[in-house]
Amino acid sequence: MANKNWDQYHDYEGLDKLLTAQNLRSDKAGNPVHDEMLFIIFHQVYELWFKQILFELDDIQERFSSNVVDDRDMQPVLGYLNRIAKILHNLVSMMDILETMPPQAFVDFRQYLGTASGFQSWQFRLVEMRLGLRREDRVSVFHGEFDDELRAESKKTIKDAEKYPSLFDQIDGWLSRTPFIDNQDYKFWEEYRNAIHNILDERIKETQSLSGDALEKELKTIEKTRQKFSGIFDKEKHAEAQENGTWRMSLKALQAALFITVYSKEPILQGPNQLLKLITDIDSLLARWRYRHALMVQRMVGMGAGSGGSSGYDYLMRTVENHRIFSDLFALSNFLIPTQALPALPDEISQKMSYNYSSEEKAA
Ligand code: HEM
């Protein structure tokens, strides 16, 4: 009986395939290097987690694919985004285990890798792309495009995925459709802009006590702040900023993300606010993974070139900064104002954003 149960577990988990997939090339060459096992298992575990992340993205992106996202979809979407964030967190901290490998051990089996490199992980490429990293945003590698040297099958999977909207595109569309922001009697950005101008006018009044260089400096700062805010309120300024790459998101999406952020306590905005938080967590965790990986690479191979053909550490560090996807959501913090200066929402809008039963109780 005990044996039978054990067999079922063995079959269910596909252990025949899983546990025979660690083939140490150093062993085969008659020059066994103990740490090659860790190196192989490490990559395999990562690939399994990449598979799980893609599986979660399949579901999330399916729910976001229509022009109206069902409110009931919010709960599973938040759950799966949270799961992706937890997996990435785990992938970052797992680097500690790989760093137990002495660089000398890596040197001892590196010759057996040939040109194999995580650079050719097509699942990692899919994760990046499905989240929203575009081909044109990538740091160039001297030998051409990132997918030039992938197997035809993997290349096709990537090309096919590029034809569909990424999570970035879907979230941009979803944010742009946020209700409450642009009504006949209430326009969020007009109210918000007025609040900012009031703050800046107050600051100008306070300059009366200044003179000379200090006055000039403060007036310049105030004008710069006014300009900065106009980038999110003014259509043309935003179009310019999109053109030069300062903003990637559409104006409507940015304003909606700001609205959701500043009024996040309103019951109906709590879910969307949580979603924005999880997206920024994921973007930040991906950058942290890139950074941890780059540091680990420097520890193993110094500043030398990678087996996949890039410049190695230097290339990887550049991806930390340049392969961010949702930087716009981080940049929104530039536009926050103190809570006490936040314009109150009109009652009608505030009522609509409350749960009906609680507003009825309040009225009774
Ligand atoms: C001793 C351990 C490792 C070393 C020395 C190493 C080295 C490198 C280097 C030098 C690159 C740049 C591309 C190239 O020229 O090869 C790279 C890319 C990459 N590696 Fe590793 N790596 C190691 C472990 C891992 C692990 C455990 C993973 C997990 C899957 C991984 C995943 C990746 C990925 C996804 C890239 C592409 C990054 C990008 O282009 O943004 N690496 N690796």
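Above this text you will find the structure in question.
Caption draft 1: Spotlight on the coordination of the iron atom of the ligand. A lone protein donor contacts the iron atom of the ligand, and this donor is His293 (NE2), found at 2.2 Å. Here His293 is to be found in helix H15 (residues 267–301).

Caption draft 2: Here's a closer look at a nonpolar patch on the surface. Together, Leu18, Leu19 and Leu48 give the surface a local cluster of nonpolar side chains, amounting to about 290 Å² of exposed area. Relative to the elements of secondary structure, Leu19 occurs in the loop between helix H2 (15–18) and helix H3 (25–28). Among the residues examined, Leu19 registers a relative accessible area of 56% and is labelled exposed.

Caption draft 3: Molecular detail of the environment of Ser65. Examined against the element boundaries, Ser65 turns out to sit in the loop between helix H4 (36–63) and helix H5 (74–93). Under the relative-accessibility criterion, Ser65 is labelled partly exposed at 47%. Between the C-alpha atom of Ser65 and that of Gly173, which follows or precedes it by 108 residues, the distance is 9.8 Å. Within the structure, the side chain of Ser65 is placed 2.6 Å from the backbone oxygen of Glu62, a separation counted as a polar contact.

Caption draft 4: Structural context of the site of the ligand. Surrounding the ligand, one finds 28 residues, the nearest of these being Ser117, His293, Gly308, Ser310 and Tyr315. Contact between the ligand and Arg290: an oxygen atom at 3.2 Å from a side-chain N or O atom of the residue. Between an oxygen atom of the ligand and a side-chain N or O atom of Ser310, the distance comes to 2.7 Å. Residue assignment for the shell around the ligand shows that the elements contributing at least two residues are H4, helix H8 (122–131), H15 and helix H16 (313–322).

Caption draft 5: Helix H14 (residues 251–262), seen in detail. If you check H14, its first and last C-alpha atoms are 17 Å apart, about what twelve residues at 1.5 Å a residue would give, namely 16 Å. Regarding H14, the residues found buried are Leu251, Ala253, Leu254, Gln255, Ala256, Ala257, Leu258, Phe259, Ile260 and Val262. Structurally, H14 contributes buried residues whose contacts are with helix H10 (167–176), helix H11 (188–206), helix H12 (212–233), helix H13 (235–243), H15 and helix H17 (327–331).

Caption draft 6: Geometry of the side chain of Gln123. Inspection of the secondary structure assignment puts Gln123 in helix H8. At 2.8 Å, the side chain of Gln123 and the backbone oxygen of Glu47 are in polar contact. Not counting chain neighbours up to four residues away, the residues in contact with Gln123 comprise Glu47, Phe50, Lys51 and Leu54.

Caption draft 7: The layout of surface pockets, seen in detail. When its volume is computed, the second largest pocket comes out at roughly 550 Å³. What lines the second largest pocket is a set of 20 residues, among which Asp71, Met74, Trp174, Ile268 and Pro272 lie closest to the centre. Put simply, the parts of the chain that give the lining of the second largest pocket at least two residues each are H10 and H15. Sort the elements by how many residues they give to the lining of the second largest pocket and H15 lands first, with six residues.

Caption draft 8: Here's a closer look at the pattern of salt bridges. Counted under the stated rule, the structure contains 29 salt bridges. With a closest N to O distance of 2.7 Å, Glu145 and Arg135 form a salt bridge. With Glu145 in the loop between H8 and helix H9 (152–162) and Arg135 in the loop between H8 and H9, this residue pair connects regions lying ten residues apart in the sequence. Using a relative accessible area of 38% as the deciding quantity, one classes Glu145 as partly exposed. Each of Arg135, Glu145, Asp147, Lys159 and Glu162 takes part in one network of salt bridges that share partners.

Caption draft 9: Inspection of empty space enclosed by the protein at higher detail. By the definition in use, this model includes three cavities of 30 Å³ or more. Roughly 50 Å³ of internal volume is contained in the largest cavity. Where the lining of the largest cavity is concerned, the elements lending two or more residues are H4, H5, H8 and H15. When residues in the lining of the largest cavity are grouped by element, the largest group, three residues, is from H4. Tallied by class, the residues present in the lining of the largest cavity amount to nine nonpolar, no polar and no charged. Its boundaries defined by the atoms lining it, the second largest cavity holds a volume of some 40 Å³. Around the second largest cavity sit Phe119, Gln120, His143, Phe146, Glu149, Leu150 and Gly308, which together line it. Here the residues of the lining of the second largest cavity are counted per class, giving three nonpolar, three polar and one charged.

Conventions adopted
- Residues numbered from 1 in each chain as written.
- Predicted model: local features only at pLDDT ≥ 70, side-chain atom pairs only at ≥ 80, totals over all residues.
- Heavy atoms only, no water.
- Donors = N, O, S within 2.8 Å, 3.2 Å for Na, K, Ca; no water.
- Helix = DSSP H or I, 4+ residues; strand = E, 2+ residues; numbered from the N terminus.
- Patch = residues over 30% accessible without salt bridge, like charges linked within 9 Å, V, L, I, M, F, W, Y side chains within 5 Å.
- Areas by Shrake-Rupley, 256 points an atom, 1.4 Å probe, with all protein chains shown as cover.
- Salt bridge = Lys/Arg side-chain N within 4 Å of Asp/Glu carboxyl O.
- Buried < 20%, exposed > 50% of the residue type's maximum accessible area, 1.4 Å probe, protein only.
- Polar contact = N/O pair within 3.5 Å; in protein donor to acceptor, adjacent residues only side chain to side chain.
- Near = heavy atom within 4 Å.
- Expected span 1.5 Å × (residues − 1).
- Contact = heavy atoms within 4.5 Å.
- 1 Å grid on protein atoms, 1.4 Å probe; cavity = no way out; pocket = protein on both sides within 12 Å on 5 of 7 lines; lining within 4 Å.
- Points joined across faces, edges and corners; volume = space filled by probe spheres on them.
- Nonpolar A, V, L, I, M, F, W, Y, C, P; charged D, E, K, R; others polar.

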